[in-house]
Amino acid sequence: MLVDFHITDESTVAAISGVINTDTAAELQKELDKASRDKKLILDFKDVEYITSAGLRVLLVIRKRYAEDMLKLINVAEAVNDVFVVSGFDGIFDVRLAKRDMATYVKLSIKEFLQKKKKELPDRACFIVGSDDKHDMSSRIVYTWDKVDRLSQIIAKDLWDQGIRKGSHVGLMGANSANWLLTFFALQKLGALVFLVNFNLKATEVQGVSGIGDLTHLCYGDLTAMEDENDFIATVTNAKKSTIRHTYSFASSIAYEDRLEEYPALEGRFEEKVDTDDPAVVILTSGSTGKPKAVLLSAYNILNAAHVFAENFKLDSNDVSALILPLFHIFGLLFSFYGNVLVDGVLVLPKNNRTATILKTIEAEKCTQLYSVPTMLLAISANKSFTAEQVDSIKCVLMGGSHVTEAQVYHLQDCFRNAFFAEVYGLSEMPPVSLTAYQDTIEHVTKTVGKPIKNVEVCIEDVVTGEKLPQGQSGELLVKGFNSMVGYYRIALDDQPIDEDGWLHTGDLALIDEDGYIRLVGRKKELIIRGGENIAPGEIAEVITQFADVEDVKVQGVPDDFYGEVVGASIVMKNGIALDKNALLAFLSGKLAKYKIPAFIFQYDQFPKLANGKVDSVGLKKDMNAKAAAVKKG
């Protein structure tokens with residue numbers, strides 16, 4: 001026990017460090033006996049790790065010596081304060097909780113982040129598998145930071161035994177679950193480079209991802225497209241088509257709690273240093289060519305961006321966020337998860353992602369934050385059992401990923417009547433770039449993507465000349481900031497989108513208005529954004545060309561009131577053969593995730609051409625959209 005005194009004319013500050021228990025209480029008593037009773041006594045608990053009943057007894061004796069306003073405790077950690085509360089001593093002492101220094105967290109690796117949370121807030125909930133019945137909370141499962149550390153340590157041992165080490169390339173694939181988060185932390189403990197894989201992908205699509213990221217291992221949970229687990233494993237580990245050699249299941253049916261007795265033997269293992277700037281997470285983002293690109297992000301990127309986000313939206317330890325965004329998306333991982341737990345908020349995982357379950361979970365857990373793409377929010381509000389009372393606890397609805405109309409926002413405001421609505425814009429390569437703020441109007445939310453966040457620069461560049469354009473003129477949006485990706489994994493220098501001046505070329509067309517808001521006006525790249533999912537037309541086209549007698553294909557987005565866009569395919573067949581659309585759809589269903597399957601398929605004798613002989617993509621898109629509109633009208 002160490003007590004360091006600092007004495008002024010008015011007070012004595014006693015900085016105490018260590019654990020106050022039976023072994024140290026007598027020494028603390030002796031040191032505090034030296035303090036003058038004529039001055040205020042301030043006990044600084046900044047470095048006090050814990051206090052037991054023996055320590056409380058010493059403080060009670062000291063408290064007897066001072067008038068009410070002459071003794072106070074400052075910088076008390078929550079774990080220590082809990083002891084005062086449980087003992088009823090919080091009514092006797094003037095206890096001031098320590099302010100959480102977020103600056104210390106954002107300098108950590110994700111591995112160190114977990115270690116610090118466990119040390120400072122072992123009994124604080126990190127995330128909860130929520131109840132979907134407000135009258136019966138017995139089904140909810142609370143994962144404290146201590147529990148997360150213990151269970152992830154057990155998983156880390158499993159993965160270590162499979163050969164995963166620092167720098168191993170590991171795919172993490174599965175629907176949102178407690179076990180997904182535990183496995184994510186386990187991989188960070190080992191220092192692995194974690195590739196977040198869309199759980200909707202088919203096994204053959206995972207083969208392609210493996211080659212892009214040189215994956216050696218795949219950790220998988222609950223998968224939408226997996227019908228037979230043995231077939232899935234055989235396909236993703238096919239030596240001729242995949243680099244994956246080992247698989248590990250963390251299915252939600254696996255109860256790692258049943259193995260807690262293994263933890264004592266594992267405590268203190270896996271202590272290899274992982275730095276905050278080490279590449280830690282890889283987001284797989286679709287490119288317009290159809291081949292996904294692997295976006296390298298560090299813990300510094302993720303935690304600092306989460307910190308800025310939490311500051312902008314005034315998140316704190318009272319917030320409860322409903323996690324309905326997939327964790328393999330940067331939107332879900334960074335904003336929903338890290339944005340909230342960074343400030344000691346709690347994350348709630350619904351038992352499934354059905355809208356009825358989400359509604360019941362929000363009501364039962366009194367969630368305050370809801371982040372999603374507009375499509376999902378509209379689906380929640382359209383559920384037949386929806387009532388505004390169920391979601392009255394929601395105070396912030398954050399939207400991103402696709403366009404939202406003014407009419408849709410007004411509708412959602414009527415449904416989430418106590419909520420503030422905001423829009424976020426970002427890229428997997430740089431999350432986030434801009435946000436709307438509390439004072440912003442509906443027009444700002446629907447017509448802009450807000451203003452750049454702190455420490456992020458933006459500019460507009462002429463797509464032909466490369467010249468920087470003045471305010472009000474449209475061109476390609478370029479961004480630069482602390483949260484920019486490390487780069488793409490194994491992409492040639494000329495194809496890296498960060499230029500020699502450090503600007504990240506977004507591929508989005510935009511202008512900056514007179515008030516400094518960013519207004520998106522189009523996309524330089526041809527991505528289709530369906531309900532927040534980025535779909536590469538080239539990937540769909542490549543698969544369609546494998547269908548018998550297809551001569552040419554053009555895949556483009558078709559406007560949709562619900563999803564924003566859906567996939568449309570224009571096809572030319574060889575020798576005028578009639579296209580069997582049902583046979584094509586059956587063929588594609590075995591090779592592509594469901595959300596990538598074209599909603600509209602039209603056969604053309606030939607595509608319209610420009611004077612230079614190239615396909616008139618603009619004219620073709622207009623014609624296809626007109627045909628799709630006619631189909632919708634019936």
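Residues numbered from 1 in each chain as written. Predicted model: local features only at pLDDT ≥ 70, side-chain atom pairs only at ≥ 80, totals over all residues. Heavy atoms only, no water.

Trainee: Explain the nonpolar core residue by residue, including any values.
Mentor: The tendency in soluble globular proteins is for nonpolar side chains to be buried as a group. Counting residues in hydrophobic clusters, the biggest one holds 140 residues, and the most contacted among them are Phe127, Phe184, Leu196, Tyr338, Ile544 and Ile571. Considering each element in turn, this core owes the most residues, 9 residues, to helix H7 (residues 178-190). Membership of the second largest hydrophobic core comes to 31 residues, among which are Ile358, Val373, Val409 and Ile442. (Core = buried A, V, L, I, M, F, W, Y, C linked by side-chain atoms within 4.5 Å. Buried < 20%, exposed > 50% of the residue type's maximum accessible area, 1.4 Å probe, protein only. Helix = DSSP H or I, 4+ residues; strand = E, 2+ residues; numbered from the N terminus.)

Trainee: Break down the sheet that holds strand S28 (residues 550-560) for me, with residues and values.
Mentor: Reading across the sheet, the 3 strands line up as S28-S29-S30 and stay open at both edges, with mixed pairing between neighbours. Looking at strand neighbours, the two that pair on one side only are S28 and strand S30 (600-604), the edges of this open sheet. Across the sheet, the mean angle from the axis of one strand to that of its neighbour is 25 degrees, orientation sign disregarded. Judged from the 5 bridges that link them, strand S29 (residues 564-573) and S30 form a sheet pairing that is parallel. Along S30, the bridge assignment pairs Val572 with Tyr604. (Pairing = 2+ DSSP bridges. Axes fitted to C-alpha atoms, helices over the stretch in contact; angles between N-to-C directions.)

Trainee: Before we move on, could you go through the sheet that holds strand S14 (residues 320-322) and cite the residues and values that matter?
Mentor: Spatial ordering of the open sheet is given by S7-S6-S15-S14-S16-S17-S18-S19-S20, a layout of 9 strands whose pairing is mixed. Looking along the sheet, the strands with just one partner apiece sit at the ends: strand S7 (141-144) and strand S20 (451-452). Where S14 meets strand S16 (residues 369-372), 2 bridges bridge the pair, whose relative direction is parallel. Residue pairing in the sheet places Ala322 in a bridge with Leu370 of S16. Along the sheet face, helix H11 (residues 299-312) touches S16, strand S17 (396-399) and strand S19 (430-435) and points at about 20 degrees away from the line of S19. Taken strand by strand, helix H12 (residues 330-341) contacts strand S6 (125-129), S14, strand S15 (346-349), S16, S17, strand S18 (420-427) and S19, and its axis lies near 165 degrees from that of S16. (Contact = heavy atoms within 4.5 Å.)

Trainee: An account of the packing of aromatic side chains is requested, with residue identities and associated values reported.
Mentor: Counted by the stated rule, this structure contains 27 aromatic pairs. Pairing Phe420 with Tyr438 gives two aromatic rings, centres 4.1 Å apart and planes at 20 degrees, and the pair type is stacked. Highlighted residues: Phe420 in strand S18 and Tyr438 in the loop between S19 and helix H16 (442-447), separated in sequence by 18 residues. Since its relative accessible area comes to 12%, Phe420 is described here as buried. In this structure, Lys147 packs its charged tip against the face of Tyr143, placed 4.6 Å from the ring centre. (Phe/Tyr/Trp six-rings, centres within 6.5 Å; stacked < 30°, edge-to-face > 60°. Lys NZ or Arg CZ within 6 Å of the ring centre and 35° of its normal.)

Trainee: Explain the packing of helix H8 (residues 203-213) against helix H9 (residues 229-236) residue by residue, including any values.
Mentor: Put simply, H8 and H9 touch, their axes get as near as 8 Å, and they point 30 degrees apart. For the element pair H8 / H9, the angle class is roughly parallel. Crossing handedness for the pair H8 and H9: right-handed. Contact residues: H8 offers Ala203, Thr204, Val206 and Gln207, while H9 offers Phe232, Thr235 and Val236. (Parallel < 35°, antiparallel > 145°, perpendicular 65-115°, else oblique. Left-handed = near helix turned anticlockwise from the far one by under 90°.)

Trainee: Could you give me a rundown of the pattern of salt bridges, with the residues and numbers involved?
Mentor: On inspection of all chains with the given rule, the structure shows 28 salt bridges. Lys116 is the partner of Glu120 in a salt bridge, and the nearest nitrogen-oxygen pair spans 2.8 Å. Taken together, the residues span about one helical turn, with Glu120 and Lys116 both in helix H5 (residues 110-120) at a distance of 4 residues. Here Arg150 makes a salt bridge to Asp146, at a shortest N to O gap of 2.8 Å. Pair noted here: Arg150 and Asp146 are both in helix H6 (residues 145-161), with a separation of 4 residues, about one helical turn. You can call Arg150 partly exposed: its relative accessible area is 29%. (Salt bridge = Lys/Arg side-chain N within 4 Å of Asp/Glu carboxyl O.)

Trainee: Now, about the state of the cysteines: what can you tell me, with residues and values included?
Mentor: Following the criterion strictly, the structure yields 0 disulfides and no others. The structure places no disulfide on Cys367, whose sulfur is separated from the nearest cysteine sulfur, that of Cys396, by 13 Å. Cysteine Cys415 shares no disulfide, and the gap to the nearest cysteine sulfur, in Cys396, comes to 16 Å. Assessed through its relative accessible area of 8%, Cys415 is described here as buried. (Disulfide = S-S within 2.5 Å.)

Trainee: So, helix H15 (residues 406-415): which residues are in play, and what are the values?
Mentor: Regarding H15, the residues found buried are Gln408, Val409, Leu412 and Cys415. Mapping the buried residues of H15 onto a view down its axis gives an arc of 115 degrees, with all of them on the same face. Every exposed residue of H15 that faces more than 90 degrees away from the buried side is listed here: Ala407 and Asp414. (Arc of directions from axis to C-beta.)

Trainee: For unusual backbone geometry, give the residues involved together with the corresponding values.
Mentor: Cis rather than trans, the peptide bond between Pro431 and Pro432 has omega equal to -20 degrees. Phi is positive for Arg490, which is not a glycine, with a value near 50 degrees. Mapped onto the fold, Arg490 is located in the loop between strand S23 (487-488) and strand S24 (504-512).

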